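A structural walkthrough
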Amino acid sequence: YQRTVKKSLAGEDVKSFGVSLYGSKKLSGNKRIFTRADLYEPNSDAEDDQETLLIGGVDLKLAEQVHLMPNVRAVLYQDSSKDAEITPRLTGFFEF
(Lines give C-alpha, C1' and ligand atoms only; values in the text may rest on other atoms or scores of the structure.)
Protein backbone atom coordinates (compact mmCIF):
# COMPACT_ATOMS: atom_id res chain seq x y z
CA TYR A 1 0.00 0.00 0.00
CA GLN A 2 1.25 3.48 -0.85
CA ARG A 3 -0.27 6.92 -0.25
CA THR A 4 1.28 10.20 -1.35
CA VAL A 5 0.38 13.86 -1.15
CA LYS A 6 2.36 16.11 -3.49
CA LYS A 7 2.05 19.41 -5.31
CA SER A 8 0.86 19.32 -8.90
CA LEU A 9 2.25 21.61 -11.60
CA ALA A 10 -0.66 23.95 -10.84
CA GLY A 11 0.45 24.10 -7.19
CA GLU A 12 -2.48 22.09 -5.78
CA ASP A 13 -2.14 19.12 -3.44
CA VAL A 14 -2.70 15.83 -5.29
CA LYS A 15 -3.52 12.72 -3.25
CA SER A 16 -2.61 9.40 -4.84
CA PHE A 17 -2.61 5.84 -3.57
CA GLY A 18 -1.80 2.36 -4.73
CA VAL A 19 -2.19 -1.24 -3.64
CA SER A 20 -0.23 -4.25 -4.90
CA LEU A 21 -0.90 -7.96 -4.35
CA TYR A 22 1.29 -10.88 -5.41
CA GLY A 23 0.82 -14.62 -5.18
CA SER A 24 2.37 -17.82 -6.46
CA LYS A 25 1.67 -21.52 -6.21
CA LYS A 26 3.96 -24.44 -6.93
CA LEU A 27 2.62 -26.92 -9.45
CA SER A 28 4.34 -30.19 -10.26
CA GLY A 29 8.09 -30.52 -10.60
CA ASN A 30 9.83 -27.30 -11.53
CA LYS A 31 6.69 -25.33 -12.46
CA ARG A 32 5.10 -22.49 -10.53
CA ILE A 33 2.27 -20.11 -11.46
CA PHE A 34 2.35 -16.49 -10.37
CA THR A 35 0.07 -13.49 -10.44
CA ARG A 36 0.27 -9.83 -9.49
CA ALA A 37 -2.38 -7.14 -9.31
CA ASP A 38 -1.74 -3.41 -8.83
CA LEU A 39 -4.38 -0.75 -8.35
CA TYR A 40 -3.17 2.84 -8.82
CA GLU A 41 -5.17 6.00 -8.25
CA PRO A 42 -2.99 8.95 -9.35
CA ASN A 43 -5.42 11.61 -8.13
CA SER A 44 -8.17 10.83 -5.61
CA ASP A 45 -10.06 13.99 -6.58
CA ALA A 46 -10.10 13.30 -10.35
CA GLU A 47 -12.66 11.17 -12.15
CA ASP A 48 -11.79 8.16 -14.32
CA ASP A 49 -8.02 8.14 -13.80
CA GLN A 50 -7.59 4.82 -11.99
CA GLU A 51 -5.30 2.18 -13.54
CA THR A 52 -5.15 -1.55 -12.85
CA LEU A 53 -2.14 -3.68 -13.76
CA LEU A 54 -2.55 -7.47 -13.95
CA ILE A 55 0.32 -9.89 -14.56
CA GLY A 56 0.05 -13.67 -14.69
CA GLY A 57 2.33 -16.42 -15.89
CA VAL A 58 4.22 -19.65 -15.39
CA ASP A 59 7.73 -19.91 -13.93
CA LEU A 60 9.61 -22.81 -15.53
CA LYS A 61 12.80 -23.68 -13.64
CA LEU A 62 15.05 -25.04 -16.37
CA ALA A 63 18.13 -25.44 -14.16
CA GLU A 64 19.11 -24.58 -10.59
CA GLN A 65 19.72 -20.93 -11.48
CA VAL A 66 17.83 -20.53 -14.76
CA HIS A 67 14.13 -19.65 -15.11
CA LEU A 68 11.97 -18.99 -18.16
CA MET A 69 8.67 -17.22 -17.46
CA PRO A 70 6.05 -16.79 -20.19
CA ASN A 71 3.51 -14.25 -18.91
CA VAL A 72 0.84 -11.75 -19.87
CA ARG A 73 0.71 -8.12 -18.74
CA ALA A 74 -2.57 -6.20 -18.92
CA VAL A 75 -3.17 -2.55 -18.06
CA LEU A 76 -6.83 -1.63 -17.63
CA TYR A 77 -8.06 1.95 -17.44
CA GLN A 78 -11.09 3.30 -15.61
CA ASP A 79 -11.42 5.91 -18.38
CA SER A 80 -13.54 4.15 -21.01
CA SER A 81 -11.96 6.22 -23.81
CA LYS A 82 -8.65 4.38 -23.23
CA ASP A 83 -8.21 0.86 -24.56
CA ALA A 84 -6.73 -1.86 -22.39
CA GLU A 85 -3.10 -2.71 -23.12
CA ILE A 86 -2.46 -6.46 -23.25
CA THR A 87 1.11 -7.61 -23.82
CA PRO A 88 2.38 -11.21 -23.96
CA ARG A 89 5.95 -11.43 -22.66
CA LEU A 90 8.73 -13.93 -22.17
CA THR A 91 10.98 -13.21 -19.19
CA GLY A 92 14.29 -14.93 -18.62
CA PHE A 93 16.02 -14.98 -15.25
CA PHE A 94 19.39 -16.38 -14.29
CA GLU A 95 21.76 -16.03 -11.36
CA PHE A 96 25.50 -16.00 -11.77
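Here, every reference points to the structure presented above.
First things first, this report covers the structure right here in the doc. (Residues numbered from 1 in each chain as written. Predicted model: local features only at pLDDT ≥ 70, side-chain atom pairs only at ≥ 80, totals over all residues. Heavy atoms only, no water.)

Some remarks on a nonpolar patch on the surface
So the rule is basically this: Two distance rules govern patches: like charges are joined within 9 Å, and nonpolar side chains (Val, Leu, Ile, Met, Phe, Trp, Tyr) within 5 Å, applied only to residues with over 30% relative accessible area and no salt bridge. What sets the accessible areas is the Shrake-Rupley method with a 1.4 Å probe; for residues, cover comes only from the shown protein chains. Just to be clear on terms, a salt bridge is a Lys or Arg side-chain nitrogen sitting within 4 Å of an Asp or Glu carboxyl oxygen. Segments assigned H or I by DSSP are reported as helices when at least four residues long, segments assigned E as strands when at least two residues long, and all are numbered from the N terminus.
A grouping of Leu62, Val66, Leu68, Leu90, Phe94 and Phe96 is seen on the molecular surface, where their side chains present a nonpolar patch of about 690 Å² in accessible area. Those elements that provide at least two residues to the nonpolar patch are strand E5 (66-77) and strand E6 (85-94). Considering the arrangement of structural elements, one finds valine 66 in strand E5.

Quick notes on the nonpolar core
Soluble, globular proteins show a tendency: their nonpolar side chains are buried together. Short version of the rule: Here the nonpolar core consists of buried residues drawn from Ala, Val, Leu, Ile, Met, Phe, Trp, Tyr and Cys, with membership extended through side-chain atoms lying within 4.5 Å. Only protein chains enter the accessibility calculation, which uses a 1.4 Å probe. A residue is then buried if its area is under 20% of the maximum for its type, exposed if over 50%, and partly exposed in between. Note on contacts: a residue pair is in contact if any heavy atoms of the two residues lie within 4.5 Å.
By size, the foremost hydrophobic cluster in this structure holds five residues: Phe34, Leu53, Ile55, Met69 and Val75. The set of elements that each furnish at least two residues to this core consists of strand E4 (51-63) and E5. Among all residues touching valine 75, those that are not within four sequence positions of it are Thr52, Leu53, Ala84 and Glu85.

Observations regarding the pattern of salt bridges
All chains considered together, the criterion is met by two salt bridges. The partner of lysine 61 in a salt bridge is glutamate 64, and the shortest N-O contact between them spans 3.7 Å. The exposed category is assigned to glutamate 64, whose relative accessible area is 63%.

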